[in-house]
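# Report on the structure
If you want the building blocks of each chain, they are given just below.
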Amino acid sequence: MEFDAWLLIFLPLLFAAGWFARGFESRVRLNDQATAPRSVFRGLNLLLNEQPDKAIDAFIEVVRLDPETIELHYALGNLFRRRGEIDRAVRIHTHLLNRADLPARERANALAELGQDYLKGGLLDRAEDTFIRLIEDNQHRFSALRALLRIYQMERDWLKAIDCARRLEREAGETHDVAIAHFFCELADKAIGKGELADAQKYLDEALVADCRSVRATVLGGDLAAGCGQPDEAVKHWLRLESMAPEYLALVGERLSGAMDAVDRRADALNLLRRALLDAPSVDLLETTYKRVAEWEGLGPAEALLRDELKRNPSLLGFEKLLALRSAAAKGGAGDPELDLLRTLIHSQTRKLARYRCNKCGFRAREFHWSCPGCTSWESYPPRRIEELDAA
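Residues numbered from 1 in each chain as written. Predicted model: local features only at pLDDT ≥ 70, side-chain atom pairs only at ≥ 80, totals over all residues. Heavy atoms only, no water.

### Here we look at the overall build of the chain
Check the secondary structure of the chain and you find 19 helices and 2 strands. Of all 392 residues assigned to the chain, the portion counted as buried reaches 42%. Of all intrachain contacts in the chain linking residues separated by at least 6 positions in sequence, the fraction that spans at least 24 positions is 45%. Only carbon and sulfur atoms are counted for the fraction: they give 53% of the accessible area of the chain, which is about 22,000 Å². (Helix = DSSP H or I, 4+ residues; strand = E, 2+ residues; numbered from the N terminus. Buried < 20%, exposed > 50% of the residue type's maximum accessible area, 1.4 Å probe, protein only. Contact = heavy atoms within 4.5 Å. Areas by Shrake-Rupley, 256 points an atom, 1.4 Å probe, with all protein chains shown as cover.)

In structure tokens form, the structure reads like this:
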């Protein structure tokens, strides 16, 4: 009887304890579920208000409360990547990949994000391995190929870049003929530097197959012929620019006029330079024409050329050259310190204007580039200086 009485007392107490524990667990769960959405909305609000530091803290709180939230892992990883905190972004996406219960689709998404982390951080070998794994995934195949194309360009692995671009053309229906022509031109330029002229010619032929109007391949064709001691052939290549892309004559004006002089065509060279100045005026072309006229006809005709061109196309760069000529002439007498001071002042301004500028990202460079060092776009540099572009 004593045992039964004790049992009758204990069972209700046990039941009450279980009921209380269950209610406490439910309240904790509801509280966590209520806290997570509030943190999500707070993080989004902070992000929209351009407060990424506080937004990251809010998202970290959500991930702590609910580690199963996949989308928030992506959001947090992207925030870290945008801020340049690549290590933290890599840890977030690696944590996702290490989850055994992650669905195959989400695993591919996490792998793609991890590849972008490596690419942003400059870890090109790891990024390449990651995107190669994604090529077999139909959802990410084309984006992986585009990322690989970018990586191969950064690594200057032109043969792989050509293969990747051609796969995108075949499978995604994209057009990369201009880029492929430049890839072959890069190979040709490298071969010319090594003295492998037969290989260089082969690469240039491939470039023209990819893009029959490739200006760069035409320019390099002239360089190759000149390097082989064939000025006549070099002139033929460079003269094609007059009808193909006359604005690019400024880039080869000095080499072209020198090759024409080597084959006793000095008068033709001067006529060509003067004609090009009328059709496609350029500061670089003006400098080449002025130098050739001064060398072959004298300083008087060279100064007249500068004055006439400045009337047609006024520019500080051209005016500086005229001042340099006047200053040199004045040095023969007593000299003119005010003229020298004016030339110095103008020179300080022309240093900023005598640069090329990318049409896409605005990156400025002292030398002409076929591929922008800033955004890696091909043929985004017009062959004209900043002063000319702004005036136009």
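### Notes on the pattern of salt bridges
Evaluation of the coordinates by the stated rule reveals 21 salt bridges. For Arg81, the salt bridge identified is with Glu113, shortest N-O distance 3.0 Å. In this pair, Arg81 sits in helix 3 (residues 70-82) while Glu113 sits in helix 5 (residues 104-120), placing the two residues 32 residues apart along the sequence. Residues joined in a network through salt bridges with shared partners are Arg81, Glu113 and Asp117. (Salt bridge = Lys/Arg side-chain N within 4 Å of Asp/Glu carboxyl O.)

### Focus: the environment of Arg150
With respect to the element layout, Arg150 can be found in helix 7 (residues 141-155). Residues Arg150 and Ala161, 11 residues apart in the sequence, show an inter-C-alpha distance of 8.0 Å.

### Thoughts on the packing of helix 14 (residues 266-279) against helix 15 (residues 283-296)
The geometry of helix 14 relative to helix 15 is characterised by a closest axis approach of 10 Å and an angle of 145 degrees between their N-to-C directions. Here the hand of the crossing between helix 14 and helix 15 comes out left-handed. Counting all contacts with helix 14, which are made through Arg266, Ala269, Leu270, Leu273, Arg274, Ala276 and Leu277, the residues of helix 15 involved are Leu285, Leu286, Thr288, Thr289, Arg292, Val293 and Trp296. Residue composition of the contact of helix 14 with helix 15, by class: 9 nonpolar, 2 polar and 3 charged. (Axes fitted to C-alpha atoms, helices over the stretch in contact; angles between N-to-C directions. Left-handed = near helix turned anticlockwise from the far one by under 90°. Nonpolar A, V, L, I, M, F, W, Y, C, P; charged D, E, K, R; others polar.)

### A few points about the packing of aromatic side chains
The description of an aromatic ring pair uses the distance of the two centres, along with the angle that the planes make with each other. This model, assessed by the stated rule, comprises 7 aromatic pairs. Taking 5.1 Å as the distance between ring centres and 90 degrees as the angle between the ring planes, the aromatic pair formed by Phe368 and Trp370 counts as edge-to-face. Classification of Trp370 as buried rests on a relative accessible area of 16%. Three or more aromatic residues joined by ring pairs make a cluster, and in this case those are Tyr248, Tyr356, Phe368 and Trp370. (Phe/Tyr/Trp six-rings, centres within 6.5 Å; stacked < 30°, edge-to-face > 60°.)

### Side note on the environment of Ala191
With respect to the element layout, Ala191 can be found in helix 9 (residues 177-194). Residue class for Ala191 comes out buried when judged on its relative accessible area of 4%. Along the primary structure Ala191 and Tyr203 are separated by 12 residues, whereas in three dimensions their C-alpha atoms are 8.8 Å apart. Those residues in contact with Ala191, other than ones at most four positions away along the chain, are Glu196, Asp199, Ala200 and Tyr203.

### Brief notes about the packing of helix 7 against helix 8 (residues 158-172)
Put simply, helix 7 and helix 8 touch, their axes get as near as 8 Å, and they point 155 degrees apart. Judged by the angle between their axes, helix 7 and helix 8 are roughly antiparallel. Of the two possible hands of crossing, helix 7 and helix 8 adopt the one that is left-handed. Each of Arg141, Phe142, Leu145, Arg146, Leu148, Leu149, Tyr152 and Gln153 in helix 7 lies in contact with helix 8, whose residues at this interface are Trp158, Lys160, Ala161, Cys164, Ala165, Arg167, Leu168, Glu171 and Ala172. (Parallel < 35°, antiparallel > 145°, perpendicular 65-115°, else oblique.)

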